[in-house]
Amino acid sequence: MSYQRDFTIGLRETQDFYLSLVLGRWRKGIAGFALVGALAALLYTLNAAFSLPVQAVIVLAGAVAGAVITVLVLVVSTLTKVREQVRRSGRESYVQETQINGFGVHVTVGKDRARMEFMDLLRVQETRRAFYLFLSENQAWILPKAQMEEGEPEQLRRIFSTVIEKGKLKLKAS
């Protein structure tokens, strides 16, 4: 059970990470804005001479519009903030040397080295684009799938399924 790879973490990977955090935290808020959109559409159609099916479609469109507008605002805001933070830091990208073995996760970035045992990871989450090894709620090591070779995501799923307790594991189906 061993995995080793160097990943280049740039603006795109950082934006994807923070976008997943923001959208995850805003799930209920997005649903709330969808409800507001539906209610607004309902109020505008109450005294109109629309048939019930037409009114239902308008209310549904209001809900979708509320949710879509909220997601767009969150996406644009998050991508802009992350781009500005990366620009201010002066570090457009960095190489993250990652090694996963029976002793835990070892990561080296430049001269900085970190090691964490599996049980100390907050959680391991897989998205469409990456694996995130959470050190805290807002900090994670990023393992971008686009930089992996064929079969590596499956290998990581097997490793994590073996060493991480189920409650801390959020993986995609193989």
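Refer to the preceding data block for the structure.
Residues numbered from 1 in each chain as written. Predicted model: local features only at pLDDT ≥ 70, side-chain atom pairs only at ≥ 80, totals over all residues. Heavy atoms only, no water.

## A closer look at the overall build of the protein chain
Inference 1: Looking only at helices and strands, one finds four helices and eight strands in the protein chain.
Inference 2: Order of helices (α) and strands (β) in the protein chain, N terminus to C terminus: β-α-α-α-β-β-β-β-β-β-α-β.
Inference 3: Along the longest, intermediate and shortest principal axes, the C-alpha atoms of the protein chain span 70 × 40 × 30 Å.
Inference 4: Within the protein chain, the proportion of its 174 residues that are buried is 40%.
Inference 5: Sequence-distant contacts, at least 24 apart, represent 59% of the contacts inside the protein chain between residues at least 6 apart.
Inference 6: Approximately 10800 Å² of the protein chain is accessible, and the part contributed by carbon and sulfur atoms is 58%.
Inference 7: Averaged over its 23 positive side-chain charges, the protein chain has a centre that lies 7 Å from the centre of its 16 negative ones. (Helix = DSSP H or I, 4+ residues; strand = E, 2+ residues; numbered from the N terminus. Buried < 20%, exposed > 50% of the residue type's maximum accessible area, 1.4 Å probe, protein only. Contact = heavy atoms within 4.5 Å. Areas by Shrake-Rupley, 256 points an atom, 1.4 Å probe, with all protein chains shown as cover. Lys, Arg positive; Asp, Glu negative; His and termini not counted. Charge placed at Lys NZ, Arg CZ, Asp CG, Glu CD.)

## Details of helix α2 (residues 27-45)
Inference 1: Across its 19 residues, α2 extends 27 Å between first and last C-alpha, which sits within 8% of the 27 Å expected from 1.5 Å per residue.
Inference 2: Within the span of α2, buried status applies to Ile30, Ala34, Gly37, Ala38, Ala41 and Thr45. Buried residues of α2, seen end-on, are gathered within an arc of 95 degrees and therefore sit on one face of the element. Exposed positions of α2 whose direction lies more than 90 degrees from the buried face are Lys28, Leu35 and Leu43.
Inference 3: Contact partners of the buried residues in α2: α1 (11-25) and α3 (52-89). (Expected span 1.5 Å × (residues − 1). Arc of directions from axis to C-beta.)

## Things to note about the packing of aromatic side chains
Inference 1: A complete count under the given rule lists five aromatic pairs for this structure.
Inference 2: When the centroid spacing of 6.0 Å and the interplanar angle of 55 degrees are considered together, the rings of phenylalanine 131 and phenylalanine 160 count as tilted. Note that phenylalanine 131 is positioned in strand β6 (residues 130-136) and phenylalanine 160 in helix α4 (residues 152-163), a separation of 29 residues in sequence. Exposure class is identical for phenylalanine 131 and phenylalanine 160. Each is buried.
Inference 3: Through pairs of rings, three or more aromatic residues link up here, namely Phe17, Tyr18, Tyr132 and Phe134.
Inference 4: Arginine 123 extends its terminal NZ or CZ atom over the ring of phenylalanine 134, reaching a point 3.9 Å from the ring centre.
Inference 5: The ring centre of phenylalanine 131 lies 5.4 Å from the NZ or CZ of lysine 145, which sits over that ring. (Phe/Tyr/Trp six-rings, centres within 6.5 Å; stacked < 30°, edge-to-face > 60°. Lys NZ or Arg CZ within 6 Å of the ring centre and 35° of its normal.)

Structural measurements only, silent on function.
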